[in-house]
Amino acid sequence: MSTRYAFVGLGHRARMYVDALLGDWRDTGTIVGLCDTNQTRMDYYAERIGGEVPRFRPDEFGKLLELADAVVVTTVDATHARYVVAALDAGLDVIVEKPLTVDAEGCEAIASAAERNPGKLVVTFNYRYSPRNSAVKRLISAGEIGEVTSVHFEWALDTIHGADYFRRWHRDKVNSGGLLVHKSTHHFDLVNWWLAAAPELVFAQTDLRFYGQALPRGPRPDRGQGAPGLGTDPFILDISTDERLKRLYLDAEHEDGYIRDQDVFGPGVTIDDNMSVLVRYANRAMLTYSLTAHAPFEGYRVVFNGTAGRVELEVCERSWTPPHAAIDPSAATKQHAAGAWERLTLHRHWQEREEIPIEQGAGGHGGGDRLLLDDVFRGPGDDPLGRPAGYRDGIRSVLVGAAATRSAATGRAVRLIDDGTRLADA
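Residues numbered from 1 in each chain as written. Predicted model: local features only at pLDDT ≥ 70, side-chain atom pairs only at ≥ 80, totals over all residues. Heavy atoms only, no water.

Peer 1: In this structure, what is going on with the overall build of the chain? I would like to understand it.
Peer 2: What the chain contains, in helices and strands, is 15 helices and 16 strands. The buried share among the 426 residues of the chain stands at 56%. Accessible surface computed for the chain: about 17,500 Å², of which carbon and sulfur atoms make up 50%. In the chain, which carries 48 positive and 60 negative side-chain charges, the distance between the mean positions of the two groups comes to 2 Å. (Helix = DSSP H or I, 4+ residues; strand = E, 2+ residues; numbered from the N terminus. Buried < 20%, exposed > 50% of the residue type's maximum accessible area, 1.4 Å probe, protein only. Areas by Shrake-Rupley, 256 points an atom, 1.4 Å probe, with all protein chains shown as cover. Lys, Arg positive; Asp, Glu negative; His and termini not counted. Charge placed at Lys NZ, Arg CZ, Asp CG, Glu CD.)

Peer 1: Please clarify how the pairing of strand β6 (residues 121–124) should be interpreted in this entry.
Peer 2: Within a regular strand, side chains alternate between the sheet's two faces. On β6, burial covers both faces: Leu121 and Val123 on one face and Val122 and Thr124 on the other are all buried. Relative to β6, strand β5 (residues 93–97) runs parallel, the two being bridged by 4 bridges. Note on β6: the bridge partner recorded for Val94 is Leu121. Each parallel crossover has a hand, and for β5 linked through helix α5 (residues 104–116) to β6 it is right-handed. (Pairing = 2+ DSSP bridges. Right-handed = clockwise from strand over helix to strand, strands pointing away.)

Peer 1: Mind showing me how you'd approach the packing of aromatic side chains here?
Peer 2: Given two aromatic rings, their pairing is described by the distance between the two centres and the angle made by the two planes. As enumerated under the stated definition, the model contains 18 aromatic pairs in all. When the centroid spacing of 4.1 Å and the interplanar angle of 5° are considered together, the rings of Trp155 and Tyr300 count as stacked. Of the two residues, Trp155 is situated in strand β7 (residues 148–158) and Tyr300 in strand β11 (residues 298–306); the sequence distance between them amounts to 145 residues. Pair check on accessibility: Trp155 and Tyr300 agree, each one buried. Measuring from ring centre to ring centre gives 4.9 Å for Phe210 and Tyr211, while their planes differ by 90°; the resulting arrangement is edge-to-face. Three or more aromatic residues joined by ring pairs make a cluster, and in this case those are Tyr127, Phe153, Trp155, Phe188, Trp194, Tyr289, Tyr300 and Phe304. (Phe/Tyr/Trp six-rings, centres within 6.5 Å; stacked < 30°, edge-to-face > 60°.)

Peer 1: Would you explain unusual backbone geometry in this entry?
Peer 2: In most cases, non-glycine residues show a negative phi, while peptide bonds are predominantly trans. Pro99 follows Lys98 through a cis peptide bond whose omega is -10°. Its location among the elements puts Pro99 in the loop between β5 and α5. For Ala196, which is not a glycine, the phi torsion comes out positive at approximately 50°. Within the element layout of this structure, Ala196 appears in the loop between α10 (184–195) and β8 (199–207). Using a relative accessible area of 65% as the deciding quantity, one classes Ala196 as exposed.

Peer 1: What is the right way to look at the packing of α10 against helix α15 (residues 391–410) in this model?
Peer 2: For any two helices packed against each other, one specifies the inter-axial angle together with the distance between the axes. Running from N to C, α10 and α15 cross one another at 120°; their axes reach a closest spacing of 8 Å. Here α15 runs oblique to α10, going by the angle between their axes. The two elements α10 and α15 meet at a crossing, and its hand is right-handed. Residues Thr185, Phe188, Asp189 and Asn192 of α10 lie in contact with α15, whose contacting residues are Asp393, Arg396, Ser397, Val398, Val400 and Gly401. Classifying every residue of the contact of α10 with α15 gives 3 nonpolar, 4 polar and 3 charged. (Axes fitted to C-alpha atoms, helices over the stretch in contact; angles between N-to-C directions. Parallel < 35°, antiparallel > 145°, perpendicular 65-115°, else oblique. Left-handed = near helix turned anticlockwise from the far one by under 90°. Contact = heavy atoms within 4.5 Å. Nonpolar A, V, L, I, M, F, W, Y, C, P; charged D, E, K, R; others polar.)

Peer 1: How do you make sense of the side chain of Ser176 when you look at a structure like this?
Peer 2: Here Ser176 is to be found in helix α8 (residues 173–176). Within polar-contact distance, the side chain of Ser176 engages the backbone nitrogen of Gly178 at 3.1 Å. (Polar contact = N/O pair within 3.5 Å; in protein donor to acceptor, adjacent residues only side chain to side chain.)

Peer 1: Looking at this structure, I do not really get the packing of helix α1 (residues 15–22) against helix α2 (residues 39–49). What am I missing?
Peer 2: Remark: α1 packs on α2, axes separated minimally by 11 Å, with the N-to-C direction vectors making an angle of 20°. When the interaxial angle is binned, α1 and α2 end up roughly parallel. The two elements α1 and α2 cross, and the hand of that crossing is right-handed. Touching Arg15, Val18, Asp19 and Leu22 of α1 are Tyr45, Arg48 and Ile49, all from α2. Grouping the constituent residues of the contact of α1 with α2 by class yields 4 nonpolar, no polar and 3 charged.

Peer 1: What am I meant to see in the nonpolar core here?
Peer 2: What tends to happen in soluble globular proteins is that the nonpolar side chains get buried as a cluster. Formed by 95 residues in total, the largest nonpolar core has its most connected members in Trp194 and Phe304. Ignoring sequence-local partners within four residues, the contact set of Trp194 consists of Asn133, Val136, Lys137, Ile140, Phe153, Val302 and Phe304. Formed by 34 residues, the second largest nonpolar core is a distinct cluster that contains Trp25, Leu245, Tyr258 and Leu373. (Core = buried A, V, L, I, M, F, W, Y, C linked by side-chain atoms within 4.5 Å.)

Peer 1: Help me understand the sheet that holds strand β14 (residues 354–355), please; the structure alone is not making it clear to me.
Peer 2: Strand pairing in a sheet relies on backbone hydrogen bonds, with the paired strands running either antiparallel or parallel. Here we have 10 strands laid out as an open sheet, ordered β14-β13-β12-β11-β7-β10-β9-β8-β15-β16, and mixed in their pairing. Looking at which strands have only one partner, the edges of the open sheet turn out to be β14 and β16 (422–423). The sheet contact formed by β8 and strand β9 (residues 274–281) spans 8 bridges and is antiparallel. If you follow Gln205 over to β9, its bridge partner there is Ser276. Sheet contacts for helix α6 (residues 131–141): β7, β11, β12 (309–318) and β13 (341–348); angle to β12, the most-contacted strand, approximately 175°. α10 rests against β7, β8, β9, β10 (286–295) and β11 of the sheet, and its axis sits at about 155° to β10.

Peer 1: Sorry, what's going on with the sheet that holds strand β1 (residues 3–8) here?
Peer 2: Reading across the sheet, the 6 strands line up as β3-β2-β1-β4-β5-β6 and stay open at both edges, with parallel pairing between neighbours. Two strands lie at the open edges of the sheet, namely β3 (55–56) and β6, each paired on one side alone. Helix-sheet contacts for helix α4 (residues 80–89) involve β1, β4 (70–73), β5 and β6, and the interaxial angle to β5 is about 165°.

What follows is the structure, given as structure tokens:
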């Protein structure tokens, strides 16, 4: 049976799902309607899809729902709850990009809608499907290091990828929830999934030390397009050199005034770029987590200490940052940059360290993206790793970030209850 898919939010994030339904997953469904605040962006995707695809403004979302069996939500994070709830209440299935939403109120609204309606809600956590992360899950689930007692997780965003969050709508915490929600939701979900445990207590400290107006830098242009430093300043983005971004954003500015290439050191940045978080889990495991958004390289390192040994995963996604303002290659193609490497090691007590091979597949994230899209569009099969994520998984990952943000603001630890799906004082 072919599913009728509607899309709401026609920015960059919609592309993977649109291309899937136009490509290898075209037998699973058709795209029957588009919804966005910007007509130019809708026209771009309609041209890509071909034919006369109906297009709707946000206030016409109800009409779009009448055409569809399922909705793909790839809007600005702060609007996810609105569209997810409306689609579920209309009896439709929902596929939503991470993060599920940005705060406890959105989580509660989505949970209520999911529980009162029959529709299926899928949160697309593609990092679960990456072969290296799946390999870690297998080791831990098999008890190779016994019971996990602590996790140390460091994520480094470089000055291509990290900087880009400070150009776009993400720079305003009202829109994105901050990087502890928008970006770290991936990472908190991984830990929740790896441990198969619920987070219970969160404490955090965060700061803006590099971007925005954290440091004195002298006069700077408000945006990249037309700036005098274009081509020489590594933080000034020339959006006109990327045809897709030009069509989606530069050519669409006249409609809504959204500027895709704002100065990363300009005013209006309300998110932080250095974050440290402590999380205690229901199984007594402890997580120490850090995120830096201005590193000279891109990658992460995660270590699991257990009662019978230790697992270490080290990943370099880009070994250094070229001195130019480029769009993050992994965001554009889901492929790693040149010089990338990964290493997974297992070190049991009383034994020598063992390097664990990581099997790669075709496509982005070592074949992980294809596995995710199979589950999304063909339906999940029998997966012993439990990679498909539902709304409760999405809520837990959001609430760790929301709790961390609250803790950083108040200086106090924040408790999560009901299996990690509610803040204690929400």
